[in-house]
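Fold and geometry: a report
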Amino acid sequence: MLTDYDIVFRNYLANELFSDLISPEAASTKKIIEHMIIKMQWIMIEYTAIRQSLFLWYSHNANSSLTYETIREHIVIISRMTGYDDDDIREYLENSFAKLIWDWGYAALIMEIRK
């Protein structure tokens with residue numbers, strides 16, 4: 001049901017990658033790679049939340065079809081809800097996961113990466 005809107009998701013992810021991974025905060029830290037990985041993990045969480053919210057919306061509104069406006073609305077709402085600063089993101093990840101930097105398998109699981 002989302003394949004018709006792949007370009008919307010690609011554009012969203014491209015914007016997140018360019019705006020979050022390469023930031024002034026990253027340039028001023030000594031741990032640039034760690035900062036980028038943490039931000040990438042946060043983008044994965046946001047992306048997964050957007051897809052889950054769309055799944056729930058579609059399940060609840062079975063007689064309706066997804067539209068660009070519905071997808072855009074979900075992207076905007078989730079992005080605003082998860083728009084934390086770097087310290088808050090780091091604290092959340094440290095408190096919520098066994099390790100700050102995830103194993104690749106976990107990232108692949110939540111992103112549904114397939115061969």
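This report concerns the structure included in the present document. All of these numbers come straight from a predicted model, not from anything done at the bench.

Rules used in this analysis
Residues numbered from 1 in each chain as written. Predicted model: local features only at pLDDT ≥ 70, side-chain atom pairs only at ≥ 80, totals over all residues. Heavy atoms only, no water. Helix = DSSP H or I, 4+ residues; strand = E, 2+ residues; numbered from the N terminus. Expected span 1.5 Å × (residues − 1). Buried < 20%, exposed > 50% of the residue type's maximum accessible area, 1.4 Å probe, protein only. Arc of directions from axis to C-beta. Contact = heavy atoms within 4.5 Å. Axes fitted to C-alpha atoms, helices over the stretch in contact; angles between N-to-C directions. Parallel < 35°, antiparallel > 145°, perpendicular 65-115°, else oblique. Left-handed = near helix turned anticlockwise from the far one by under 90°.

Helix length check: helix H4 (residues 68-81) (14 residues) gives 20 Å between terminal C-alpha atoms against 20 Å at 1.5 Å per residue, within 8%. Within the sequence span of H4, burial applies to Thr70, Ile71, His74, Ile75 and Ile78. In an axial view of H4, the angular spread of the buried residues amounts to 135°, which keeps them on one side of the axis. Buried residues belonging to H4 abut helix H1 (6-21) and helix H3 (32-60).

Here the focus is the packing of H3 against helix H6 (residues 104-111). Between H3 and H6, whose axes approach to 9 Å, the crossing angle comes to 25°. Taken together, the axes of H3 and H6 are roughly parallel relative to one another. Relative to H6, H3 is oriented so that their crossing is left-handed. Each of Met44, Tyr47 and Thr48 in H3 lies in contact with H6, whose residues at this interface are Ala107, Ile110 and Met111.

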